[in-house]
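# Descriptive analysis of the structure
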Amino acid sequence: MQIKTAPEALQAVENFTLPDELGFGRVMAPVMVEANYQDGKWSDFNLVPYGPISMLPTAKVLHYGQEIFEGLKSYRIGGNGPFLFRPDQNAKRFNHSARRMAMPEVPVEHFVEAVKELSKVCATIIPRRSGESLYLRPFMFSTEEALGIKPSDSFKFMIVASPSGSYFSGGTISVLIERSAVRAAPGGTGNAKTGGNYAAALEAAIETKKLGHDQTLWLDAITRKNIEEMSGMNFACIIDNKLVTPAITDSILEGITRNSLLKIAPLLDLQVEEKKLTIDELIAAIKEGRCTEAFACGTAAILTPIHQIAEKDGTVYKLSKAPGPKSTALRQALLDIQEGRRESPDPSWVINLG
Ligand code: COI
């Protein structure tokens, strides 16, 4: 499959100036990928100038939220690359989400080719400082114009891109335990990457911010004891010198960064354990000094250390204010692999488009 790149798209990249201040997901690359699904098949995949899309008000996505997305990055630190990190895993997870949301799959090769082409076309506008990247956002939504509740018969697939810096502006974050609202339930859509899961976390995000914290820590819907994840990233911690993270259930999104860290940790002589981790066990381990570090991990967040975990009543369980040694080593090893400075545990992880 060949992506058709419009000459105007190449011109748009040439005319683009990368601002010095990036933030996360604010600056948009001047190009995007677009394809349509109709009558059981995908159209050509086209790389075109970034711009508005036209839809009628009855497009099903606007009423029933039939939508999925992914997040991955293209790296060009010091002018090397562009490098892509495990894009096939994003393609597979995208199709997992598509099945759950009654949407058509995008062939893995098409997805990966589109991501490669967009990265190559944008090579000159990928930021060059460590921790920065071109954040790629593939997404798909239903476009059929009808109000009946049934799966759409037409869809649009797109990839937009954003030259981005850190997701969190501070070095470490504060996390608020959510003990009443629920993000995802067994049998629901929690382990599909669909917009509704993120929308379901927004009301809690308002309270989290109001109380002075950065992310909400979600517990399982049934027992309200097991740690699941945060609103936009997975949770992990160091207990008894081991990397511990909640085992994946059908209400936790299986993070590619999480999975990669579990494979990188043993290279740093760090044992890993995926298990049912209760909030009580975490709190006890912090109080006893056995939990020495905790962190958020995800494509956007990379690895961001957590300096405290708090209750809504103001109780705070404190960890070190400065990033801990294991979080620092893991983050550095991950970035060294993603940014092309260190060999990855599996040669298929990093694709050099340079
Ligand atoms: C990502 O890490 O790519 C996500 O989709 C999470 C979102 C909070 C930006």
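Preceding this section is the structure that the text describes.
To start, this report covers the structure provided alongside it.

What counts, and at which threshold
- Residues numbered from 1 in each chain as written.
- Predicted model: local features only at pLDDT ≥ 70, side-chain atom pairs only at ≥ 80, totals over all residues.
- Heavy atoms only, no water.
- Helix = DSSP H or I, 4+ residues; strand = E, 2+ residues; numbered from the N terminus.
- Buried < 20%, exposed > 50% of the residue type's maximum accessible area, 1.4 Å probe, protein only.
- Contact = heavy atoms within 4.5 Å.
- Areas by Shrake-Rupley, 256 points an atom, 1.4 Å probe, with all protein chains shown as cover.
- Expected span 1.5 Å × (residues − 1).
- Near = heavy atom within 4 Å.
- Polar contact = N/O pair within 3.5 Å; in protein donor to acceptor, adjacent residues only side chain to side chain.
- 1 Å grid on protein atoms, 1.4 Å probe; cavity = no way out; pocket = protein on both sides within 12 Å on 5 of 7 lines; lining within 4 Å.
- Sits in = over half its atoms within 2 Å of the grid points.
- Nonpolar A, V, L, I, M, F, W, Y, C, P; charged D, E, K, R; others polar.
- Arc of directions from axis to C-beta.
- Points joined across faces, edges and corners; volume = space filled by probe spheres on them.
- Domains from an automatic or database assignment.

## Some details on the overall build of the protein chain
Of regular secondary structure, the protein chain possesses nine helices and 19 strands. Along the first, second and third principal axes, the C-alpha set of the protein chain runs to 60 × 50 × 35 Å. Expressed as a percentage of the 354 residues in the protein chain, the buried residues total 53%. Residue pairs at least 24 apart in sequence account for 71% of intrachain contacts in the protein chain once pairs closer than 6 positions are excluded. Summed over its atoms, the accessible surface of the protein chain is roughly 15300 Å², and 52% of this surface lies on carbon and sulfur atoms.

## Considering helix H3 (residues 87–100)
Since the α-helix turns once every 3.6 residues, residues separated by three or four places project in the same direction. Taking 1.5 Å of rise per residue, the 14 residues of H3 would be expected to cover 20 Å, and the 20 Å separating its terminal C-alpha atoms lies within 8% of that figure. Of all the positions in H3, only Pro 87, Asn 90, Ala 91, Arg 93, Phe 94, Asn 95, Ser 97 and Ala 98 are classed as buried. Two residues or fewer past H3, Ala 102 is found with a positive phi of approximately 55°.

## Section: the site of the ligand
The environment of the ligand is formed by Phe 24, Phe 69, Gly 71, Tyr 135, Arg 137, Tyr 167, Lys 193, Gly 232, Thr 299 and Ala 300. Here an oxygen atom of the ligand and a side-chain polar atom of Tyr 135 are 2.5 Å apart. One nitrogen or oxygen atom from the main chain of Ala 300 is found 2.8 Å from an oxygen atom belonging to the ligand. About the coverage of the ligand: the protein hides 90% of its 280 Å² of free accessible area. In this structure the site holding the ligand corresponds to the largest pocket. Its residues assigned to classes, the shell around the ligand shows five nonpolar, three polar and two charged.

## Brief notes about helix H1 (residues 7–14)
Of all the residues in H1, the buried ones are Ala 9, Ala 12 and Val 13. Angular distribution of buried residues about the axis of H1 spans 100°; they occupy a single face of the element. Looking at H1, the residues exposed on the side facing more than 90 degrees away from the buried face are Pro 7 and Glu 14. Each element contacted by the buried residues of H1 is listed here: strand S2 (31–38), strand S4 (46–49) and helix H4 (108–121).

## Here's the deal with the layout of surface pockets
Over the atoms a probe the size of a water molecule is rolled, and this reveals where empty space is left. The volume enclosed by the largest pocket comes to roughly 920 Å³. Lining the largest pocket are 41 residues; nearest its centre among them are Tyr 167, Gln 215, Ser 231, Gly 232 and Met 233. Elements with a contribution of two residues or more to the lining of the largest pocket: strand S8 (133–142), helix H5 (195–199), helix H6 (202–210), strand S11 (215–219), helix H7 (256–264) and strand S16 (291–298). Of all the elements, H6 adds the most residues to the lining of the largest pocket, at four residues. Of the residues in the lining of the largest pocket, the class split is 16 nonpolar, 18 polar and seven charged. Two domains each put at least three residues into the lining of the largest pocket: domain 1 (4–164) and domain 2 (173–338). Each pocket or cavity is described by its volume, and for the second largest pocket that value is around 200 Å³. As for the second largest pocket, its lining consists of Arg 86, Gln 89, Lys 92, Arg 93, His 96, Asn 191, Glu 254, Gly 255, Ile 256 and Asn 259. Counting residues per element, the ones that place at least two in the lining of the second largest pocket are H3 and H7. The element best represented in the lining of the second largest pocket is H3, accounting for four residues. Across the lining of the second largest pocket, the residue classes break down as one nonpolar, five polar and four charged. Two domains each put at least three residues into the lining of the second largest pocket: domain 1 (4–164) and domain 2 (173–338).

## Points about empty space enclosed by the protein
On inspection of all chains with the given rule, the structure shows three cavities of 30 Å³ or more. The calculated volume of the largest cavity comes to roughly 70 Å³. Lining the largest cavity are Gly 71, Leu 72, Lys 73, Tyr 75, Phe 85, Asn 90, Ile 256, Thr 257, Thr 299 and Gln 338. Elements with a contribution of two residues or more to the lining of the largest cavity: strand S6 (72–75) and H7. Considering every element that reaches the lining of the largest cavity, the biggest residue donor is S6, with three residues. For the lining of the largest cavity, the residue count by class is four nonpolar, five polar and one charged. Composition of the lining of the largest cavity by domain shows at least three residues from each of domain 1 (4–164) and domain 2 (173–338). In this model, the second largest cavity occupies a volume close to 40 Å³. The wall of the second largest cavity is formed by Thr 292, Glu 293, Ala 294, Pro 305, Ile 306, Leu 319, Ser 320, Ala 322, Pro 323, Gly 324 and Ser 327. For the lining of the second largest cavity, the secondary structure elements donating two or more residues are S16 and strand S17 (302–310). Here the element with the most residues in the lining of the second largest cavity is S16; it accounts for three residues. Residue composition of the lining of the second largest cavity, grouped by class: six nonpolar, four polar and one charged.

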